[in-house]
Amino acid sequence: MINLKCLTIATAVALAGFAGNAFAQTAWPEPGKVVTVYNGGSPGSGQDLTARLVAEALQKIHPGSNFQVVAKPGAGTQLAYQTIADSPKDGYSFGIMSLPTFATLYLDPSRQAGFNRDSFAPAANFIFDPGAIAVPAESPYKTLKDLLDAAKAKPGEVTVAVVGPKSREHLDVTAMEQAAGVKFNPIFHNDSGTGLNNLLGGNVEAQQGSVGDFLAQIAAGRIRLLAVFAKAPSAFAPDVPTAEASGVPVFSGVTRGFTFPAGVDPAIVKQLSDDIGAIVNSPEQQENIKNLGFEANYMDMEQFTAYAKSEEDRIKDILSKIPN
Amino acid sequence: MELFGDFIAGFGIALTPEHLFYALVGCLIGTLVGVLPGIGSAGGMVILLPLTFQMEPTGAIIMLAAIFYGSYYGGTITTILMNVPGEVASVATMQDGHAMARQGRAGVALSIAAIGSFIGGTLATLALVLMAPALSEMALAFGPPEFFALMVLGLATLAFLAGSSMPRALAMAVFGLILGSIGTDPTMGSPRLTMGFVPLLGGLDFVPVVMGLFGLSEVLINAENPTPVLTKKDIKGLYPSVRDFRQSAGSIVRGTGLGILLGLIPGTSQALASFVSYGVEKAVAKRPEEFGNGAIQGVAGPETANNAHANAALIPLFTLGIPGSPSVAILLGAFIINGLAPGPLLFEQHPEIVWPIICSMIVGNLMLLILNVPLIGMWVKILQVPTSILSPVIVLFICLGTYLVNNSVFDVWVMILFGLLGYTLRKLDFPLSPIALTLIVGPLMENAVRQALSISRGDVSILFRSWLACGLLAMAVFVLTLPLWRLRAIQTRGALGRDVED
Amino acid sequence: MVAGLSRGTLESLALNVPNPSKDPRSSTNTAADDGVPGHAYRVLVLAFLVGGLLVCRTAIGLTYYTQMGPGPGFFPFWAGALLSLFCLMLLIQSFRAQIPAFDIPEKGPMLKIVVTIAAIAGFGLFIERLGFVLTMFGVLLALLYVHGCRMLPTGLVVALTGSLGVGFAFSRWLGVFLPPAPGAVLQFIGL
C-alpha cells in the first residue's frame, strides 16, 4: 500500500533534486553548439595534447556537446592568447593558459601584447610540471650545489641549455643566478629537443627544463636530475631533492590551466572549473595525465586567479633584475 | 639473435589484416592529403591525429607513420603534374618533374619518384633496424659547430641552383637570408625586421611563402601563358624504360645515402635533403645542362632523399626520444598520448609494439609503391583537365592549406604578397629556388653559429674544433668552386668533346 | 681562387652552360629600353637595392656584435649590404647587356590575374566573417568564371564540391576546424 506521506516525501525529494540540479548546472554547453578550445602550441606539443585530452574528457562529461580544439601557434603562444582575449564573451570560446609564459608575454614591452591579466577570466588549473635541471649521466656534477660552486668559480662559463630568451627556462636560470649570486652562460635553443641533443652530445653542461621534458631520458639512464624546482619532490623522480633543499629557494614550473576571456558569465566559468576538477579526479584521466608526464594539480577559479597574480609578480621581479 | 627474432615476429604482427588495413588507409589518406598543395605531412598528421585517439597504440602509430611518408609521395604528384609544390619539400623536384610532364613523361617521372621513394624509405628503415644505436651516436656528434659546417655545405649547393645568371641567383639567395631573419632574435629575444606585425614575431612561415612564390605565381603565369593541355597521344608511356632506370640508379643510391645521413641529424628537414640532393645530382651529372629541362636524375635524387630523410628522421626519435623534424614531433606526440615514451628503453620495454611499427613501415613503403604505380594512369589524366577548372581548384587548395597551417588570415596575405612577388620575379627571369633554400638554411645556420660562439664565449676557433666540422667546411669550399673546375674541364675537353659526342 | 675571379668570368661561367633552369615561360624578349617592359627590370632591381639598404639601416639599430659572438644585427646587416651590392651589379650590367623585358599581360589574362588576386583577398577578408563554405563558394564561382569555365552545371558542381564538400569532409569527417558560417545559416548540415 502506498503511504501518502512517503509519496509526498519522495516527490518532494525528486523535485528538490531536479530543481537542485537545474540550479547547480547551467545549460552550458548547449548540445550542438560548438565550443572552441584554443591552444598556442603546435600540433603534437604539450599544450596541444593537453587541450585535446581535456576536450575529449569534456565531451564525455557533457554528452552531445562539441568541443573543437583549434591550434593557434605563432609568436610563441602570444597569438593564441590574443585570440582568446578577443573572442566573443558568450562562453563558447576558451583556451589554455600556461604560466609563467603567459605573464612574460605581456610584461615584455617589446612584444606589444594587446592583452594583460585583466583581459582574462581564469577558470581552473589542470596540471603542473615542475621545473628541473638536468646533467648528462656521466657529468661530474652530483648535486645542484656542485653546479653552483662551479658557476661561482667560473662566472659566466658554465653552460646551461635553455629554450629561448626570456622563456620560462631562461627565467628559471636567471632566478637561480639571483638567488645564489652566480652567473651562468645560457645557451638558447629553438626547443627542448635540440637542447637535449646538445646535452647528450656534451656540448652544454646542463639543461634547464621541466620534469616532463626529461622523463624518457632519465628512464633510459642517459641523464640525471640535479634538482626539482617545486615545494616537494616530483612523483616521477622521488629521490631528486628540491632546489630549496639545496639552498636555492626558486619555485617554478609549467602550470597549464584554462581561461575564458574577461566578461564571461561567472556561472559558466564555474561550470568549466568544476568540470576540470571532475576530470582531474577521475581515475582514467589520471592515467592519461601521467602518460603525458605531468602531475595533476587542480586549482579552482579563485586559486588559479591568485596564482596568475603571484606568477606575474614573480616574473616582474626577475625581469626587472635582468641587465639588458 | 633475439633482435632478429623480434624483427620477424614484428612482421607477423604488422601483417595482420587489421594492421595492414591501417597502413593502407594511412597511405591512401597520406597521398590524398599530400596531393593538396599546402597541406603537407605535418598538416595531414594533425588533421588525422584525433581519429587515432580512438585506436589502439600500435594501429594508431602505424596509420600516422603511413600518413607521414604517404604524404610525401602525394606532394610529388601535385608538383610534377601541376608545377605547384604539394609541400615545401617538393620544390626541388619541381624544376625537372614538371618539365618531364610537359614532355609527356609525367608517368615516367611519377614512377621513378615512387620507386626511388620506396628504395630510399625501405633502406632508411632497415638502417634503423640494423644500425640504430651506432647511427644515433653519430647524430650526437653533431654539436653546434658541426651543424654550422653542415649548413654551410647545404648553402654551397646554391652554386648549382644558379640558373642563367649568377648575380641574380645570389641576389635572390641573400633575399632569402633576409626573409629568414625576420622574427624574434634567437639569443636576445628582440624583434627583428618584424615591422610591427605581431604574427611575424615567430618568423615567416614556410608554407605561405612557398605556396605564394611557387604555387600562386604558377597560377598567375598560367593565366597569361596557359600550358597546353596534353592530349592522350602526347603521353609518351607511363612507365620508365630500361634507359631511364639506368640513368636514375646512381641518383637513387646517392639520394638514399644523403637522406639517411641528414635524417639522422635533428634540426634538418626533408626540404633540405631534397635541395641538397638536387645540387649533388647536378654536380655529378655528365650533362648538367639537361637539368631544368626534364633530367630524370633531378626527380629521382630529390624524391629518394626526401623519403629516406623522412624515414631516417625516426631513428633519433626511436633511439634518443628526440624528434628529427616537425612532422616527427607529431609522431612523438602520438607516442606520448598512447603512453609510450620513445627512447632507448622503448625497444626493451615494449618490443611487441615497436617492432610491428617498424616492420609496418617497410610494408607501408611497399604498399605505397604498389598502390600508386597503377594509379599513375589516373593521376596523369589530371593533366587533361581543362585549365579553367584546374586553376580554380588549385587556388582552392592553396588557400585552404595556407589558412590551415596556423588558422591565420595573416598567412593568406603573406601568400598573396609572395605570389605577386614570385610572378614578377619569374617573368623577369630571376630564379626562385635559391630563396627557398636560403629561407630554410639561413636561420638554421645563424642559430648554429651563434650557439657555438655562445658556448665558446666568442672564440671563433670552436667552429673548427672537430674533424667532422673541418671536413664539412672543406667540402663546402670544394662544392662552391666545383663549377669552376668543371668549366676548366669543359673548356679543355671542348673541341674533343664535340667530336666525340657528335 | 674564387677571389681572383672577376665578375666577368663568373658571368661567362654561368652563361656558358646553356640556360639550365630557365622557366620556358619567362620572358624571351629583351628590353627595348622604352616603356614599362624595358624599365620594369631596372625598377625591380632598384627596389631590392633600396630594400637591402633599409635592412642595413634597421640592422644597425640592433646590437651588432657582443662579446659572445654576432648579435641580432650582424647577419641582417651583411645580408642587406650584399643584396644592395648584387643589385648594384645587376643594375650596372643592365645598361651593358640584354635584360629580360616584362611583358604586360593583355586585357584577357590581366583580368584573370586581377580577379584571381581579388578572389584570394576576398577569401582572406571573409573567411572568418562568413565562414569557410560561403566564402569559398563565392571565390570558386568567381575564379571559374574568369578562368573561362562557361559550362554552368560543371561549374556549379565544382564550386559546390569545393566549398560544401570540402567543408564537410574536413570539419565533419576529419574534425578539422574551419570557420563556420555566421548565425544558423548552415546549421542544417551541421557546419
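What you are looking at is a predicted structure, and each value in this text was computed from that prediction instead of being measured.

Cut-offs applied
- Residues numbered from 1 in each chain as written.
- Chains lettered and ligands numbered in written order.
- Predicted model: local features only at pLDDT ≥ 70, side-chain atom pairs only at ≥ 80, totals over all residues.
- Heavy atoms only, no water.
- Helix = DSSP H or I, 4+ residues; strand = E, 2+ residues; numbered from the N terminus.
- Buried < 20%, exposed > 50% of the residue type's maximum accessible area, 1.4 Å probe, protein only.
- Areas by Shrake-Rupley, 256 points an atom, 1.4 Å probe, with all protein chains shown as cover.
- Rg over C-alpha atoms; globule rule 2.2 N^0.38 Å.
- Contact = heavy atoms within 4.5 Å.
- Lys, Arg positive; Asp, Glu negative; His and termini not counted.
- Charge placed at Lys NZ, Arg CZ, Asp CG, Glu CD.
- Axes fitted to C-alpha atoms, helices over the stretch in contact; angles between N-to-C directions.
- Parallel < 35°, antiparallel > 145°, perpendicular 65-115°, else oblique.
- Left-handed = near helix turned anticlockwise from the far one by under 90°.
- Nonpolar A, V, L, I, M, F, W, Y, C, P; charged D, E, K, R; others polar.
- Buried area = accessible area lost by both parts, 1.4 Å probe.
- Salt bridge = Lys/Arg side-chain N within 4 Å of Asp/Glu carboxyl O.
- Polar contact = N/O pair within 3.5 Å; in protein donor to acceptor, adjacent residues only side chain to side chain.
- Pairing = 2+ DSSP bridges.
- pLDDT = per-residue confidence, 0-100.
- Expected span 1.5 Å × (residues − 1).
- Phe/Tyr/Trp six-rings, centres within 6.5 Å; stacked < 30°, edge-to-face > 60°.
- Lys NZ or Arg CZ within 6 Å of the ring centre and 35° of its normal.

**As for the overall build of chain C**
When helices and strands are tallied, chain C shows six helices and two strands. In chain C, buried positions account for 44% of the 191 residues. Summed over all atoms, the accessible surface of chain C reaches about 9,800 Å², with 70% contributed by carbon and sulfur.

**Observations concerning the overall build of chain B**
Tallying secondary structure elements over chain B gives 20 helices and two strands in all. The C-alpha atoms of chain B give 22 Å as radius of gyration, which agrees with the globular expectation for 502 residues (23 Å, within 12%). By the burial criterion, 68% of the 502 residues in chain B qualify as buried. Nonlocal contacts in chain B, meaning residues at least 24 apart in sequence, comprise 80% of its contacts between residues at least 6 apart. Of the accessible surface of chain B, which amounts to about 15,900 Å², a share of 70% is contributed by carbon and sulfur atoms. For chain B, the distance from the average position of its 23 positive side-chain charges to the average position of its 27 negative side-chain charges is 13 Å.

**Looking at the packing of helix H4 (residues 57-82) of chain B against helix H5 (residues 91-102) of chain B**
Residues and elements named next belong to chain B. At a minimum axis separation of 6 Å, H4 and H5 run at an interaxial angle of 60°. The angle between H4 and H5 falls in the class oblique. Seen along the crossing, H4 lies across H5 with a hand that is right-handed. Between H4 and H5, the contacting residues are Thr79, Ile80, Leu81 and Met82 on the first element and Thr93, Met94, Gly97, His98 and Ala101 on the second. Residues of the contact of H4 with H5, tallied by class, amount to five nonpolar, four polar and no charged.

**Looking at the interface of chain B and chain C**
Between chain B and chain C, the residue contacts involve 83 residues of the former and 80 residues of the latter. Here chain B packs against chain C, burying approximately 7,200 Å² in sum over the two surfaces, 76% of which is carbon and sulfur. If you look at where chain B meets chain C, you find zero salt bridges. Run the count over chain B and chain C and you get three residue pairs in polar contact (both at pLDDT 80 or more). Tallied by class, residues from the side of chain B that touches chain C come to 49 nonpolar, 19 polar and 15 charged.

**Notes on the interface of chain B and chain A**
When the parts of a complex come together, some accessible area is lost, and that lost area is often used as the size of the interface. Each partner contributes residues to the interface: chain B has 44 residues there, and chain A has 41 residues. Each partner contributes to the roughly 3,500 Å² buried at the junction of chain B and chain A, and carbon and sulfur atoms together form 58% of this total. In terms of surface lost to chain A, no three residues of chain B exceed Leu140, Gln451 and Ile455 of chain B, which account for 14% of the buried area on that side. Where chain B meets chain A, there are zero salt bridges. On the surface where chain B and chain A come into contact, there are eight residue pairs in polar contact (both at pLDDT 80 or more). Going through the elements one at a time, helix H3 (41-53), helix H6 (106-140), helix H14 (326-337), helix H15 (344-349) and helix H19 (433-455) of chain B are the ones with two or more residues in the side of chain B that touches chain A. The greatest single-element share of the side of chain B that touches chain A, amounting to five residues, is contributed by H14 of chain B.

**Examining the pairing of strand S9 (residues 253-261) of chain A**
All names here are of chain A. S9 sits mainly inside the fold: nine of its nine residues count as buried. Where burial is concerned, the two faces of S9 agree: the one with Gly253, Thr255, Gly257, Thr259 and Pro261 and the one with Val254, Arg256, Phe258 and Phe260 are both buried. Looking at chain direction, strand S3 (residues 93-99) and S9 are connected through five bridges and run antiparallel. For Gly95, the partnering residue across the bridge sits in S9 and is Thr259.

**What to know about the confidence of the model for chain C**
Residue-level pLDDT values for chain C average 76, and 73% of them are 70 or greater. Here the prediction assigns the complex a pTM of 0.83, and the interface score ipTM is 0.81.

**Examining helix H18 (residues 409-427) of chain B**
Side chains three or four residues apart in an α-helix point the same way, a direct result of the helix having 3.6 residues per turn. Residue and element names in this part refer to chain B. Taking 1.5 Å per residue, 19 residues should reach 27 Å; H18 reaches 28 Å between its end C-alpha atoms and fits that length. Of all the 19 residues making up H18, 15 are buried; the element is thus mostly covered by neighbouring parts of the structure. Structurally, the start of H18 carries an N-cap: the backbone nitrogen of Phe410 is 3.2 Å from a side-chain oxygen of Ser408. Downstream of H18 by one or two residues, Asp429 has phi in the positive range, about 65°.

**Examining the confidence of the model for chain B**
In this model, chain B carries an average pLDDT of 82, and 90% of its residues clear a pLDDT of 70 or more. A low-confidence stretch, residues 495-502 of chain B stays under pLDDT 50, and its non-local contacts, those more than four residues away or across chains, total zero contacts.

**Overview of the pattern of salt bridges**
One side chain can pair with another of opposite charge once the charged atoms of both are near each other. Applying the stated rule across the entire model yields 21 salt bridges over all chains. Between Arg52 of chain A and Asp48 of chain A there is a salt bridge, with the nearest N and O atoms lying 3.0 Å from each other. Here Asp48 of chain A and Arg52 of chain A lie together in helix H2 (residues 46-61), a separation of four residues that amounts to about one turn. The exposure class of Arg52 of chain A is buried, given its relative accessible area of 10%. Residue classification places Asp48 of chain A among the buried positions, given a relative accessible area of 0%. Each of Asp185, Arg192, Glu446 and Arg450 of chain B takes part in one network of salt bridges that share partners.

**Focus on the packing of aromatic side chains**
Summed over the entire model, instances satisfying the criterion amount to 20 aromatic pairs over all chains. Their ring planes at 90° and their centres at 6.4 Å tell us that Tyr423 of chain B and Phe102 of chain C sit as a pair that is edge-to-face. In this pair, Tyr423 of chain B is assigned in helix H18 and Phe102 of chain C in the loop between helix H3 (74-96) and helix H4 (107-130), connecting two distinct chains. When its relative accessible area of 6% is taken as the criterion, Tyr423 of chain B is described as buried. Taking relative accessible area as the criterion, Phe102 of chain C reaches 13% and is therefore assigned buried. The structure contains a cluster of three or more aromatic residues connected by ring pairs, namely Phe67, Phe94, Phe126, Phe258 and Phe260 of chain A. Across the ring face of Phe251 of chain A, the terminal group of Lys231 of chain A is positioned such that the distance to the ring centre comes to 3.9 Å. Above the face of the Phe102 of chain C ring, Lys427 of chain B is positioned so that its terminal group lies 4.8 Å from the ring centre.

**Considering unusual backbone geometry**
The omega torsion of the bond from Leu99 of chain A to Pro100 of chain A falls at 0°, within 30 degrees of zero and hence cis. Secondary-structure assignment places Pro100 of chain A in the loop between S3 and helix H4 (101-107). The phi torsion at Lys166 of chain A lies on the positive side, around 60°, for a residue other than glycine. The backbone of Asn83 of chain B sits at a positive phi, close to 60°, despite the residue not being glycine. Along the chain, Asn83 of chain B turns up in the loop between H4 and H5.

**Quick look at the packing of helix H17 (residues 387-406) of chain B against H18 of chain B**
Residue and element names in this part refer to chain B. In the contact formed by H17 and H18, the axes pass within 7 Å of each other and the chain directions differ by 135°. The angle between H17 and H18 falls in the class oblique. Of the two possible hands of crossing, H17 and H18 adopt the one that is right-handed. On H18, the residues that touch Ile398, Cys399, Thr402, Tyr403, Val405 and Asn406 of H17 are Val409, Asp411, Val412 and Met415. Split by residue class, the contact of H17 with H18 holds seven nonpolar, two polar and one charged.

**Points about H3 of chain C**
If you check H3 of chain C, its first and last C-alpha atoms are 34 Å apart, about what 23 residues at 1.5 Å a residue would give, namely 33 Å. Those residues of H3 of chain C that fall on the buried side of the exposure criterion are Phe74, Pro76, Ala79, Gly80, Leu83, Ser84, Phe86, Cys87, Leu90, Leu91, Gln93 and Ser94 of chain C.

**Notes on the environment of Thr402 of chain B**
All names here are of chain B. Secondary-structure assignment places Thr402 in helix H17. The exposure class assigned to Thr402 is buried, which follows from its relative accessible area of 0%. Between the alpha carbons of Thr402 and Ala113 there is a distance of 25 Å; along the sequence they are 289 residues apart. When residues no more than four places from it in sequence are discounted, the contact partners of Thr402 are Val207, Pro208, Met211, Asp411, Val412 and Met415.

**Notes on the side chain of Thr157 of chain B**
Residue and element names in this part refer to chain B. With respect to the helices and strands, the residue Thr157 is situated in the loop between helix H7 (144-156) and helix H8 (166-180). Among the polar contacts made by the side chain of Thr157, one reaches the main-chain carbonyl oxygen of Gly154 at a distance of 2.5 Å. When residues no more than four places from it in sequence are discounted, the contact partners of Thr157 are Val276, Gly279, Leu437 and Val479.

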